[in-house]
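Coordinate inspection notes
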Amino acid sequence: MQQSDWLSQKEFSLNESNAFWTKEAEKLDWITSWKTLQSGSFNTGDIKWFEEGELNVCYNCVDRHLDKYADKTALIWEGDSPDDYKAISFDTLHKQVMRFANVLKKIGVKKGDVVCIYLPLILEAPIAMLACARIGAIHSVIFAGFSPQSIEDRVNDAASKFIITADGGFRGGKKVALKENVDIAIKNCPTVEKVLVVEHAKNDIQLEHGRDYLYHLLANEVGEQCDVEPMNAEDPLFILYTSGSTGKPKGVVHTTAGYLLYASLTHREIFGVRENDVYWCTADVGWITGHSYVVYGPLANRTTTLIYEGVPCYPAKSRFFDIVDKYQVNIFYTAPTAIRALQAEGDEAVLANTSRDSLRVLGSVGEPINREAWYWYHDKVGKSNCSIVDTWWQTETGGIMISPGFAHKQKPGSAMKSFLGIEAAILNKDTSKEISGALSAHDYGALAIKKPWPGMMRTLWGDHERYMDTYFNVYKGYYYPGDGAYRDQEGDIWISGRLDDIISIAGHRIGTAEVESVIDSHHAVAETAVIGIPDAIKGEVIYAYVTLERDSIPTDQLKKDIIAWVRKTYGPIATIKVIQWTDELPKTRSGKIMRRILRKIAHFEEAQIGDVSTLADPECVPALIEGRIDYR
Ligand code: 7RM
């Protein structure tokens, strides 16, 4: 799409929003048409789209392409070892999904049942999700890196009777146990009746008679035909748990039509997908990004989508880009944390032996992308030939909400424009009033969304009150995502980070993202997390956790340099009191820095750190405490 087309589309989508959503919804394949486009409101929390309509998500992602594109590659799987790979066509995908769906029926899964999926990133993961969608079961994918405790919490919250898992997976040359984790978890999950086990790693596993079944044995006992279940537009498609700032994880519920429409529309428009593209989003299906932009969006758009089971730097530091070259990937979508990690390994190891000439679009998601990472991604990875597409969104929003889109000019670090049909506002945190003019990095408000959109979550599983309180009762009449943002002179949106991470220095609210971006841009620094610590005069000052580049040496002089660099680049308001060197920052499995933990450590409150099981590497916590600097 040209920029001028985009602008007129944007206008149309906002001024004639009913016509816009109707036009987009007609691109899906419906069994029964809807009568009511949209009903309900943010205030009443009863939003529905396409109420009387019926359709099936699996049909839209698979069957409808078979007429003309049966032989087109639907999924490419690359294993942990570069010698392991497979590609399947839409026709094969169709057959495998139908067989999987029949196995689910055979173990007793019925429409409306919740099926937990705890699988490595193998073809059976998207196949299992689509098989659930085909028969109207609600899937709840649990990331394969999660602990038995996390499985237990999720299975019990949804009272699930079924778990799909594997005998194991592979990551970085090592076998990973999965079935064992399920065995431990379900000792405390009274609702579980059946466990379906996909063979992959050939690990030794225990099977409990009458409860555990090997998938490939049952697959031989069922047929290959399975009709699609007509689903109401508002039937739940899946539950996906996401951690809140407090309390137990929230079971975000997405429904059938609105979600699929929004995932496919955003995928098509934001990445500018072309018919013969190979598209690779590196997210695991355990995250929303894996749901919307590995499985549902791309497949609904008939895009060849790649999944990779392993880790970024195994067996070689260049693995990500070896894969890009091997399959001639055109669109690549990853997270800033991965970009920074690769950048820190050095261009020689990561880039030198790959061409990456097939790349056209480079996406970023999950955190604000700091300028230094942005330029490395753009200049080095993309050789200045690709657009960088930052994408701000959340598990709760179902799809991308703010993004430059592929047709726009580039502005490093800014998520830029709300998507078609989406109206964003920035609210003054104290008065709750919309701010219309430009703000700045030092002066920002609360990001909010003004109108319902099809892809938004409809409730939190079993806790509608928490849904209302968290998202709709904070600023009446708005959806409140919990992020801070400001608009620049040209009206472009910049995300300043979670509002719960805000630091207030001498009355200035400082977004963590902004300060971290400045520290990251120091040549010696690989990655940073900053938090506020108390200060008698300024209220708060900054405690910075800094990871250096491989070849940088941690010295007191370097600390002084970094502090001076921030004063010069950001301004003297950003007073850094302490820098602690660390080899590693505490991150969730999806790569988000857990500042909650860093805050507890810097505040000498490690007794209250609580559960660290969702960390990618819980071992980093004792090391951080050990290296803490006493500023008191
Ligand atoms: C897709 C995803 C959501 C939170 C969100 C933000 C942060 C995500 C960006 C971003 C700045 C971005 N879902 N976030 N993308 N911040 N720029 N492009 O990540 O539910 O796991 O997280 O992530 O704080 O509220 S999520």
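We now turn to the structure provided with this report. (Residues numbered from 1 in each chain as written. Predicted model: local features only at pLDDT ≥ 70, side-chain atom pairs only at ≥ 80, totals over all residues. Heavy atoms only, no water.)

1. Remarks on the sheet that holds strand S15 (residues 250–255)
The sheet built from eight strands is open, its strands ordered S12-S11-S8-S6-S7-S14-S15-S23 with mixed pairing. Either end of the sheet is taken by a strand with one partner, and the two such strands are strand S12 (212–214) and strand S23 (459–460). Pairing of strand S11 (residues 194–198) with S12 involves three bridges; the strand directions are parallel. Bridge pairing links leucine 196 to tyrosine 213 in S12. Contacting strand S7 (138–141), strand S14 (236–242) and S15, helix H11 (residues 288–300) crosses the sheet at an angle of about 140° to S14. (Pairing = 2+ DSSP bridges. Helix = DSSP H or I, 4+ residues; strand = E, 2+ residues; numbered from the N terminus. Contact = heavy atoms within 4.5 Å. Axes fitted to C-alpha atoms, helices over the stretch in contact; angles between N-to-C directions.)

2. Overview of the nonpolar core
Counting 150 residues, the largest nonpolar core has Phe50, Leu93, Phe100, Leu130, Ile164, Tyr296 and Trp453 as the members making the most contacts within it. Setting aside residues up to four positions removed in sequence, phenylalanine 50 forms contacts with Ala25, Trp30, Trp34, Thr36, Leu37, Ala233, Ala257, Gly258, Leu261 and Pro454. Counting 26 residues, the second largest nonpolar core, distinct from the first, contains Tyr308, Val324, Tyr327 and Phe332. (Core = buried A, V, L, I, M, F, W, Y, C linked by side-chain atoms within 4.5 Å. Buried < 20%, exposed > 50% of the residue type's maximum accessible area, 1.4 Å probe, protein only.)

3. A closer look at the site of the ligand
Taken together, 16 residues sit near the ligand, with Asp390, Thr391, Thr395, Asp483 and Lys592 positioned nearest. Within the contact set of the ligand, an oxygen atom lies 3.0 Å away from a side-chain nitrogen or oxygen of glutamine 394. Here the ligand has 530 Å² of accessible area as a free molecule, and 91% of this is covered by the chains. Broken down by secondary-structure element, the contributors of at least two residues to the shell around the ligand are H11, strand S20 (387–391) and strand S25 (493–498). Class assignment of the residues belonging to the shell around the ligand gives a composition of six nonpolar, five polar and five charged. (Near = heavy atom within 4 Å. Polar contact = N/O pair within 3.5 Å; in protein donor to acceptor, adjacent residues only side chain to side chain. Areas by Shrake-Rupley, 256 points an atom, 1.4 Å probe, with all protein chains shown as cover. Nonpolar A, V, L, I, M, F, W, Y, C, P; charged D, E, K, R; others polar.)

4. Things to note about the side chain of threonine 582
In this structure, threonine 582 sits in the loop between strand S30 (576–581) and helix H19 (595–602). Among the polar contacts made by the side chain of threonine 582, one reaches the main-chain carbonyl oxygen of glutamate 584 at a distance of 2.7 Å. What threonine 582 contacts, discounting residues up to four positions off in sequence, is Tyr545, Val546, Thr547 and Leu624.

5. Structural notes on empty space enclosed by the protein
Counted under the stated rule, the structure contains four cavities of 30 Å³ or more. Lining the largest cavity are Pro368, Ile369, Asn370, Arg371, Gly413, Trp494, Ile495, Ala513, Glu514 and Ser517. Every element with two or more residues in the lining of the largest cavity is listed here: S25 and helix H17 (512–520). If you tally residues by element for the lining of the largest cavity, the top one is H17, at three residues. A per-class count over the lining of the largest cavity returns five nonpolar, three polar and two charged. Considering only enclosed or pocket space, the second largest cavity measures out at about 60 Å³ in volume. What lines the second largest cavity is Asp157, Lys248, Pro249, Lys250, Gly251, Leu460, Trp461, Asp463 and Arg466. Here the lining of the second largest cavity is built from residues that sort into three nonpolar, one polar and five charged. (1 Å grid on protein atoms, 1.4 Å probe; cavity = no way out; pocket = protein on both sides within 12 Å on 5 of 7 lines; lining within 4 Å. Points joined across faces, edges and corners; volume = space filled by probe spheres on them.)

6. Concerning the packing of helix H10 (residues 256–271) against H11
One can describe the packing of H10 onto H11 by two numbers: an axis separation of 8 Å at closest approach and a directional angle of 85°. When the axes of H10 and H11 are compared, the pair comes out roughly perpendicular. Taking contact as the criterion, the partners of Tyr259, Leu260, Ala263, Ser264, Thr266, His267 and Phe271 in H10 are, on H11, His291, Ser292, Tyr293, Tyr296, Gly297, Pro298 and Ala300. Here the contact of H10 with H11 is composed, by residue class, of eight nonpolar, six polar and no charged. (Parallel < 35°, antiparallel > 145°, perpendicular 65-115°, else oblique.)

7. Quick notes on the packing of aromatic side chains
The final tally for this structure, using the stated rule, is 41 aromatic pairs. Each ring, one from phenylalanine 100 and one from tyrosine 215, has its centre 4.5 Å from the other, and the planes form 20°; the classification is stacked. Highlighted residues: phenylalanine 100 in helix H5 (residues 90–106) and tyrosine 215 in helix H9 (residues 215–219), separated in sequence by 115 residues. Ring plane angle 75° and centroid distance 5.4 Å describe the contact between tryptophan 453 and tyrosine 479, whose orientation is recorded as edge-to-face. Of the two residues, tryptophan 453 is situated in the loop between strand S22 (445–449) and S23 and tyrosine 479 in the loop between helix H16 (464–472) and strand S24 (483–487); the sequence distance between them amounts to 26 residues. The pair formed by tryptophan 453 and tyrosine 479 is uniform in burial state, with each residue classed as buried. Members of the aromatic cluster, each reached through a chain of ring pairs, are Trp6, Phe12, Phe20, Trp21, Trp30, Trp34, Trp49, Phe50, Tyr262 and Phe419. Lysine 86 extends its terminal NZ or CZ atom over the ring of tryptophan 77, reaching a point 5.4 Å from the ring centre. Directly above the ring of tyrosine 69 sits arginine 302, whose terminal nitrogen or CZ lies 3.9 Å from the centroid. (Phe/Tyr/Trp six-rings, centres within 6.5 Å; stacked < 30°, edge-to-face > 60°. Lys NZ or Arg CZ within 6 Å of the ring centre and 35° of its normal.)

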